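Summary of structural features
What follows is each chain in one-letter form.
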Amino acid sequence: MEFSIEFEAYNYFALILNYDRGSFGCAIIAGERGIGIDNSQKWYDKDKLSLFLHDLKEDLESRIPDKFLQRKGWLDR
């Protein structure tokens, strides 16, 4: 089984999540291409969902200006 889901994160990025036979990955949608998201693994297995979400959160927040995150209440700095 395989599928893709498009969604928005932090009211800032359009993302696509790809699932294929028990593994998944994510990319930022940029026109017709995707921008790879840095993470600790190339593909994540379904049993490593918490690691995937942690890596995704860290990478996305590093790409968004701190002022935007603070204004939305998502950063306490």
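Residues numbered from 1 in each chain as written. Predicted model: local features only at pLDDT ≥ 70, side-chain atom pairs only at ≥ 80, totals over all residues. Heavy atoms only, no water.

Let us look at the environment of Lys72. Structurally, Lys72 is set in helix 2 (residues 66-72). Residues Lys72 and Asn11, spaced 61 residues apart in sequence, show a C-alpha to C-alpha distance of 9.3 Å. (Helix = DSSP H or I, 4+ residues; strand = E, 2+ residues; numbered from the N terminus.)

Formed by 17 residues in total, the largest nonpolar core has its most connected members in Leu15, Cys26, Ile37 and Leu60. Going through the elements one at a time, strand 2 (13-20), strand 3 (23-30), helix 1 (49-63) and helix 2 are the ones with two or more residues in this core. Per-element accounting of this core gives the leading share, four residues, to strand 2. Ignoring sequence-local partners within four residues, the contact set of Ile37 consists of Leu15, Cys26, Ala27, Ile28, Leu56, Asp59, Leu60 and Arg63. (Core = buried A, V, L, I, M, F, W, Y, C linked by side-chain atoms within 4.5 Å. Buried < 20%, exposed > 50% of the residue type's maximum accessible area, 1.4 Å probe, protein only. Contact = heavy atoms within 4.5 Å.)

For Tyr10, which is not a glycine, the phi torsion comes out positive at approximately 60 degrees. Looking at the secondary structure, you find Tyr10 in the loop between strand 1 (2-9) and strand 2.

Right, let's get into the pairing of strand 4 (residues 33-36). The pairing of strand 3 with strand 4 spans four bridges and is antiparallel. Looking at strand 4, one finds that Ile28 is bridged to Ile35. Count of turn residues in the strand 3/strand 4 antiparallel hairpin: two residues, of which Gly31 carries a positive phi of about 70 degrees. (Pairing = 2+ DSSP bridges.)

To continue, consider the side chain of Glu61. You can see Glu61 is positioned in helix 1. On the accessibility criterion, Glu61 (17% relative accessible area) is buried.

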